[in-house]
Amino acid sequence: MPHGFLITDMKSFILIRAVSTSDMNKALGMLISEGKAISYGGYAGSAYKVYNSGVVVYTEGLYYPYYLLDPNIQMFLYNTRLPGPYKRVSFLVSGANSVLDVSVFIPHNLSQIEKAALFRVLSSITFLPPEQRLAWNYGQIIDPEAGIQAALIPIPAGFSVQGGVLDQGTKRMFTYNIARGGEFIRVDFVDVVTNMLQSNFGSNFFSVLTINGQRYSLDTPVYLRNFKEVVDFLIYLWGYETGESWQMLEYREIEDNPFFKELGASAGRPSIPLPPHAQNFSIKGYVIAKSSSGKERMAFISGAGVYSYRPDYLVASADCFVNISAEVVQAEPGRLLAMLNLRKGINAALVINPDWSLFALEKFTRENKYLNAFVREMHRKSQEFNSWMSRAWTNLLSDQTYVRDPSTGEVFKVYKRSWETGEFWKDPTTGEILFADREGALSDLLGREGWKKLEESVGGF
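Every value quoted in this text rests on a predicted model; they were computed, and no experiment measured them.

Conventions we followed
- Residues numbered from 1 in each chain as written.
- Predicted model: local features only at pLDDT ≥ 70, side-chain atom pairs only at ≥ 80, totals over all residues.
- Heavy atoms only, no water.
- Helix = DSSP H or I, 4+ residues; strand = E, 2+ residues; numbered from the N terminus.
- Buried < 20%, exposed > 50% of the residue type's maximum accessible area, 1.4 Å probe, protein only.
- Contact = heavy atoms within 4.5 Å.
- Areas by Shrake-Rupley, 256 points an atom, 1.4 Å probe, with all protein chains shown as cover.
- Pairing = 2+ DSSP bridges.
- Phe/Tyr/Trp six-rings, centres within 6.5 Å; stacked < 30°, edge-to-face > 60°.
- Expected span 1.5 Å × (residues − 1).
- Arc of directions from axis to C-beta.
- Polar contact = N/O pair within 3.5 Å; in protein donor to acceptor, adjacent residues only side chain to side chain.
- Salt bridge = Lys/Arg side-chain N within 4 Å of Asp/Glu carboxyl O.
- pLDDT = per-residue confidence, 0-100.
- Axes fitted to C-alpha atoms, helices over the stretch in contact; angles between N-to-C directions.
- Core = buried A, V, L, I, M, F, W, Y, C linked by side-chain atoms within 4.5 Å.

Colleague: Looking at this structure, I do not really get the overall build of the chain. What am I missing?
Modeller: Across its full length, the chain holds 8 helices and 24 strands. Counting all 461 residues of the chain, 38% fall into the buried class. Considering only contacts in the chain between residues 6 or more positions apart, those separated by 24 or more positions represent 59%. Put simply, the chain shows about 25700 Å² of open surface, and 55% of that area lies on carbon and sulfur atoms.

This is the structure:
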């Protein structure tokens, strides 16, 4: 039986589809056969009852309906605890050329609260009259590197689409912009990387913004630590993009679905190790805003980030890395709801090629493995440098330094005023160490007498 429109939180499922027959008995037989195919051992229990408005079919003993999900999600389900067994309640209604099937899949242990939420969603579903419906066709997004189709994008009649595959950091993603006039539905990928240093001698920073593969150096540092700060930054970017001012009307942070958290963990994607003083965070939610010209935008935002602050009386540092994806819907005044409904239809009909997903995941894993090793090495060198710098400043302020015998490798801590520019010599017989002006008479004498000139480092060796 063909798939249709699916609504799910990965635990309960609402499936709306048309069965390609107007014969109710045939459609009923197909539904019962499908139940047996997705049951434990093929022993599904089914019953049905005929009403004036249609037929209600009850089926129990079903396993998790993974076959309803996109193959790109199915590939990660092997390592995830799936609920079950399931029961299905279906309502069949005859039409002129087909039978409408509205099916609800629920696990046996669904709580009353979850059931109430599910039926609220079910009761809110309405069907548009024909005059309000839009015809649409598919457009392709091709990955030139992989040489395969990445996705099929539904394009409503009267709309145009621009899209492609981009590399951003270690990520490989496809993006699109479906537009008509001043209205659009698009996907943006935004990365922010900021490093800041502050010392008694001043401050320094670099801050880089990447949007859909385009990099920009920022004049002021951007330091993001939570959802609200991300929302404010996106609205600032919209103002820069459009030349208009945008007023936030509403925003809300949403807790991620526990199932999706477990699903993400099952993917086994490597993560960049966190340095000391660092905290990571994840974001998910939406924001609604209105421009000075009356246009309305709603963005569905998700992402993750890491920020750190390392206090130090000599050199303090702060770092920030944030990875944001935003699905942005823009509408003319009074048309935001219509565009949001269009977005739902596009997302329901969007088809991602599983072969391309595997290619992108393989490339991500390979590059992230290299990046992890690179970051660990950079972190190790940074720690060594910070320790060296701390010792150097301490010694400089206390008129001390380190010297090393190049022949034996022995290291000594000696007294030396910070403004002096001489060098240290060591008697190879007694081990006595003397300080002499560089290129002075004493230095020449010690060299002729066989003394060894020592290597010096204020930060140690």
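Colleague: Looking at this model, I keep getting lost on the sheet that holds strand E18 (residues 351–352). Mind explaining?
Modeller: Strand pairing in a sheet takes place through backbone hydrogen bonds and is either antiparallel or parallel in direction. In space, the 3 strands of this open sheet follow the order E7-E8-E18, with antiparallel pairing throughout. Looking at which strands have only one partner, the edges of the open sheet turn out to be strand E7 (136–143) and E18. With 8 bridges connecting them, E7 and strand E8 (residues 148–156) associate as antiparallel partners. Bridge pairing in E8 links Gly 139 to Ile 153.

Colleague: Would you mind showing me how to read the packing of aromatic side chains here?
Modeller: By convention here, two paired aromatic rings are described through the distance between centres and the angle between planes. Scanning the entire structure with this criterion turns up 14 aromatic pairs. Plain terms: the ring middles of Tyr 40 and Tyr 63 are 6.1 Å apart, the flat faces sit at 80° to each other, and that makes the pair edge-to-face. In this pair, Tyr 40 sits in the loop between helix H1 (24–37) and strand E3 (45–50) while Tyr 63 sits in the loop between strand E4 (55–62) and helix H2 (71–74), placing the two residues 23 residues apart along the sequence. With a relative accessible area of 47%, Tyr 40 lands in the partly exposed category.

Colleague: What should I look at first to understand the pairing of E8 in this one?
Modeller: Consecutive side chains of a regular strand alternate in pointing toward one face of the sheet and then the other. Linking E7 back to E8 in an antiparallel pair, the connection comprises 4 residues, with Gly 147 at a positive phi of about 70°. When E8 meets E18, the two strands line up antiparallel, connected through 2 bridges. Bridge pairing links Ala 151 to Ile 352 in E18.

Colleague: Explain H1 to me, please; I cannot follow it from the model alone.
Modeller: Given 3.6 residues per turn, any residue in an α-helix points the same way as the ones three and four places further on. Relative to the 20 Å expected for 14 residues at 1.5 Å per residue, H1 spans 20 Å between its end C-alpha atoms, a close match to the ideal helical length. If you check which residues of H1 are buried, you get Met 24, Ala 27, Leu 28, Leu 31, Glu 34 and Gly 35. All buried residues of H1 project into a common sector of 125° when viewed along the axis, lining one side. Counted as exposed and oriented over 90 degrees from the buried face of H1: Asn 25 and Ala 37. Residues of H1 that are buried in the fold lie against strand E2 (13–19), E3, E4, strand E5 (86–94) and strand E6 (99–107). Capping of H1 at its N-terminal end is provided by Asp 23; its side-chain oxygen lies 3.0 Å from the backbone amide nitrogen of Asn 25.

Colleague: Looking at this structure, I do not really get the pattern of salt bridges. What am I missing?
Modeller: If the charged atoms of two oppositely charged side chains come close together, the side chains can form a pair. A complete count under the given rule lists 19 salt bridges for this structure. Residue Glu 34 is joined to Arg 88 by a salt bridge in which the shortest nitrogen-to-oxygen separation is 3.0 Å. Of this pair, Glu 34 sits in helix H1 while Arg 88 sits in strand E5, and the two are 54 residues apart along the sequence. In this pair, the class of Glu 34 matches that of Arg 88, namely buried. Arg 335 is the salt-bridge partner of Glu 183, the closest N and O atoms lying 2.6 Å from each other. Highlighted residues: Glu 183 in strand E11 (residues 183–199) and Arg 335 in the loop between strand E17 (315–331) and helix H6 (336–349), separated in sequence by 152 residues. For Arg 335, a relative accessible area of 31% gives the class partly exposed. Overlapping salt bridges bring together Arg 17, Glu 34, Arg 88 and Asp 101 as one network.

Colleague: Hey, could you run me through the confidence of the model for the chain in this one?
Modeller: Low-pLDDT portions of the prediction should not be read for the details of their coordinates. In the predicted model, the chain carries a mean pLDDT of 84, and 83% of its residues have values of at least 70. A low-confidence stretch, residues 267–272 stays under pLDDT 50, and its non-local contacts, those more than four residues away or across chains, total 12 contacts.

Colleague: I keep staring at the sheet that holds strand E21 (residues 423–426) and nothing clicks. Help me out?
Modeller: Pairing is antiparallel across the open sheet formed by 3 strands, whose spatial order is E22-E21-E23. The strands lining the two open edges of the sheet, one partner per strand, are strand E22 (433–436) and strand E23 (452–453). Along the sheet, helix H8 (residues 441–448) contacts E21 and E22; its crossing angle with E22, the most-contacted strand, is approximately 140°.

Colleague: Sorry, what's going on with the nonpolar core here?
Modeller: Proteins that are soluble and globular tend to have nonpolar side chains buried together. With 28 residues, the main nonpolar core has Ile 141, Ile 153, Phe 174, Tyr 176, Leu 336 and Met 339 as its most contacted residues. Mapped onto this core, the elements with two or more residues apiece are E8, strand E9 (160–168), strand E10 (171–180), E11, strand E15 (278–291), E17, H6 and helix H7 (354–397). When residues in this core are grouped by element, the largest group, 5 residues, is from H6. Once residues lying within four places of it in the same chain are set aside, the contact partners of Ile 141 are Gln 149, Ala 150, Ala 151, Ile 153, Gly 163, Gly 164, Val 165, Phe 174, Thr 175 and Tyr 176. Counting residues in each nonpolar core, the second largest holds 27 residues, with Phe 184, Leu 209, Ile 324 and Val 328 among its members.

Colleague: Sorry if this is basic, but what is going on with the environment of Gln 198 here?
Modeller: Topologically, Gln 198 is positioned in strand E11. In this structure Gln 198 comes out as partly exposed when scored by relative accessible area, which is 44%.

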